[in-house]
Amino acid sequence: MSDLQTTFSKLRQSLDQIVVGQSALIQQLLVALLSGGHVILEGVPGTGKTLTVKVMARLVRSQFRRVQLTPDILPSDILGTNIFDLNTRSFLLKKGPIFTEILLADEINRTPPKTQSALLEAMEEQQVTLDGESLPLPDFFWVIATQNSLEFEGTYPLPEAQLDRFLFKLMAVYPDPIAEKKMLLNHQAGFQGKRLDLDNIQPIASVEQILQARREIRSLKVEESVLDYLLAVVQKTRQHPDLVLGASPRSAVAWLNVSKAQAWLSGRSYVTPDDIKAVAFPLLRHRLILRPEAQLDGIGVEAVINAVLNQVAVPR
């Protein structure tokens, strides 16, 4: 294991100590970070979604902004706008919160499609266009958008084409009883997530180290047999009888990249079929569309993903 891999192993351990009971979520979030892909984070209130992102931003020593999205938010509230200065008699650019390195977009499905599109365009192009001028965003620009998995009345669900721009859809679940007891003991000892002093958290990694890790990950080679296995799984999703829409070519490329990140984070320089399986659920759960008949039969997307993985033979 290289020094850089050791650094990210320490980063994961530190996150696990502060955010109790979300180890799987933290692992997948780090894979997305190292792949350079944006994330949808869904879960019921109180499962530590915002805390996880805030602590991670501090541990990687990066600029962090948070936007609480509501129905009255305009694109200019996120992107910024040109304001006329009476003193200088010229327009000055007032940059919005999107000009940062880590952006937490809370409850993205509560803001109208026009604002969603402005945010997603910036994610895709890594630049913002204001009054005809293109302004670049930082090399390390990462968006984590949250959704409440319960209340969908009065919301604006993201269309499939826009959902496909997110690398992962992660689920913040309830912690198991042991982890929840540890959480209660931490609270009794004085830990409070709402009043957490982020300044006392010492950064472990830097933005430059993240960019360097991404370069290392991109250079990993994948055996042809593993590539064939990945393609077979992708093709199987397109042929599955319970699906209207299978995995896109863009998702196949993304799957390869995140499998490399999963392997690298595990301390290896090669990809195995287990790496491909490990990232299948967060990568596919928001991309596959079930047939109405399957939904009526109570079949879920995750059950279909599991079935697809079981149907494709693993190379020896």
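Residues numbered from 1 in each chain as written. Predicted model: local features only at pLDDT ≥ 70, side-chain atom pairs only at ≥ 80, totals over all residues. Heavy atoms only, no water.

*Asks:* Any chance you could break down the overall build of the protein for me, citing the residues and the numbers?
*Replies:* The helix and strand inventory of the protein stands at 14 helices and eleven strands. In terms of C-alpha radius of gyration, the protein reaches 21 Å, essentially the compact-globule figure of 20 Å for 316 residues. C-alpha atoms of the protein, sized along the principal axes, occupy 70 × 45 × 40 Å. Residues classed as buried in the protein amount to 47% of the 316 residues present. Summarising the internal contacts of the protein: among those between residues at least 6 apart in sequence, 78% fall at separations of at least 24. A total of about 16100 Å² of accessible surface is found on the protein, and carbon and sulfur atoms cover 51% of it. Averaging the coordinates of the 33 positive side-chain charges in the protein and doing the same for the 34 negative ones gives two points 4 Å apart. (Helix = DSSP H or I, 4+ residues; strand = E, 2+ residues; numbered from the N terminus. Rg over C-alpha atoms; globule rule 2.2 N^0.38 Å. Buried < 20%, exposed > 50% of the residue type's maximum accessible area, 1.4 Å probe, protein only. Contact = heavy atoms within 4.5 Å. Areas by Shrake-Rupley, 256 points an atom, 1.4 Å probe, with all protein chains shown as cover. Lys, Arg positive; Asp, Glu negative; His and termini not counted. Charge placed at Lys NZ, Arg CZ, Asp CG, Glu CD.)

*Asks:* Lay out the nonpolar core with the relevant residues and their values.
*Replies:* With 70 residues, the main nonpolar core has Phe8, Leu33, Trp142, Phe168, Trp255 and Trp264 as its most contacted residues. With 26 residues, the next largest nonpolar core counts Val67, Leu120, Val128 and Phe166 among its residues. (Core = buried A, V, L, I, M, F, W, Y, C linked by side-chain atoms within 4.5 Å.)

*Asks:* Describe in detail the pattern of salt bridges, supporting the description with residues and values.
*Replies:* By the definition in use, this model includes nine salt bridges. In this structure, Asp106 engages Arg66 in a salt bridge whose closest nitrogen and oxygen atoms are separated by 2.7 Å. In this pair, Asp106 sits in strand E5 (residues 102-106) while Arg66 sits in strand E2 (residues 64-68), placing the two residues 40 residues apart along the sequence. Accessibility expressed as a relative area gives 5% for Asp106, which makes it buried. (Salt bridge = Lys/Arg side-chain N within 4 Å of Asp/Glu carboxyl O.)

*Asks:* Give me the lowdown on the environment of Ala232, citing residues and values where you can.
*Replies:* Following the sequence through the fold, Ala232 ends up in helix H9 (residues 224-239). Looking at Ala232, the relative accessible area reads 31%, which means it is partly exposed.

*Asks:* Give a detailed account of the packing of aromatic side chains, specifying residues and quantitative values.
*Replies:* A complete count under the given rule lists one aromatic pair for this structure. Their ring planes at 70° and their centres at 5.7 Å tell us that Phe8 and Trp264 sit as a pair that is edge-to-face. With Phe8 in helix H1 (residues 3-18) and Trp264 in helix H10 (residues 249-265), the pair connects residues that are 256 residues apart, well separated along the chain. The same class applies to Phe8 as to Trp264, namely buried. The ring of Phe99 carries the charged tip of Lys95 above its face, separated from the ring centre by 4.9 Å. (Phe/Tyr/Trp six-rings, centres within 6.5 Å; stacked < 30°, edge-to-face > 60°. Lys NZ or Arg CZ within 6 Å of the ring centre and 35° of its normal.)

*Asks:* Hey, could you go over unusual backbone geometry for me, with residue numbers and the actual values?
*Replies:* One non-glycine residue, Arg61, adopts positive backbone phi at about 50°. In this structure Arg61 comes out as exposed when scored by relative accessible area, which is 51%. Unlike most non-glycine residues, Gln126 shows phi in positive territory, near 55°. Structurally, Gln126 can be placed in the loop between helix H5 (113-125) and strand E6 (127-130).

*Asks:* Got a sec to walk through the sheet that holds strand E8 (residues 142-148)? Specific residues and values, please.
*Replies:* Strand order in this open sheet of five strands is E2-E5-E8-E1-E9, and the pairing throughout is parallel. With one partner strand each, in any of the chains shown, E2 and strand E9 (168-172) form the two edges of the open sheet. For this sheet, the mean angle separating the axes of adjacent strands, direction not counted, is 20°. Note that E5 and E8 share four bridges and pair parallel. (Pairing = 2+ DSSP bridges. Axes fitted to C-alpha atoms, helices over the stretch in contact; angles between N-to-C directions.)

*Asks:* Residues and numbers for the packing of H1 against helix H8 (residues 207-218), please.
*Replies:* For the pair H1 and H8, interaxial distance at closest approach is 11 Å and the crossing angle is 120°. As summarised for this structure, H1 and H8 are arranged oblique, according to the angle between their axes. Considering only the axes of H1 and H8, their crossing is left-handed. When H1 is examined against H8, the residues Leu4, Thr7 and Phe8 are found in contact with a partner set consisting of Gln209, Ile210, Gln212, Ala213 and Glu216. Among the residues forming the contact of H1 with H8, the class breakdown is four nonpolar, three polar and one charged. (Parallel < 35°, antiparallel > 145°, perpendicular 65-115°, else oblique. Left-handed = near helix turned anticlockwise from the far one by under 90°. Nonpolar A, V, L, I, M, F, W, Y, C, P; charged D, E, K, R; others polar.)

*Asks:* An account of H10 is needed here, citing residue identities and associated values.
*Replies:* Counting along an α-helix, one turn takes 3.6 residues, and residues three or four places apart therefore face a common direction. Helix length check: H10, at 17 residues, gives a terminal C-alpha distance of 25 Å against a target of 24 Å (1.5 Å per residue), a fit within 8%. When H10 is considered as a whole, its buried residues turn out to be Ser251, Ala252, Ala254, Trp255, Val258, Ser259, Lys260, Ala261, Gln262, Ala263, Trp264 and Leu265. Just downstream of H10, Gly267 is the residue with a positive phi angle, here 90°. (Expected span 1.5 Å × (residues − 1).)

*Asks:* If you had to explain H1 to someone new, which residues and values would you point to?
*Replies:* Counted at 1.5 Å a residue, the expected span for H1 with its 16 residues is 22 Å, and the 23 Å between its end C-alpha atoms agrees. Leu4, Gln5, Thr7, Phe8, Ser9, Leu11, Ser14, Leu15 and Ile18 are the residues of H1 that are buried. Looking at the buried positions of H1, the neighbouring elements they touch are helix H2 (23-35), helix H3 (49-59), H8 and H10.

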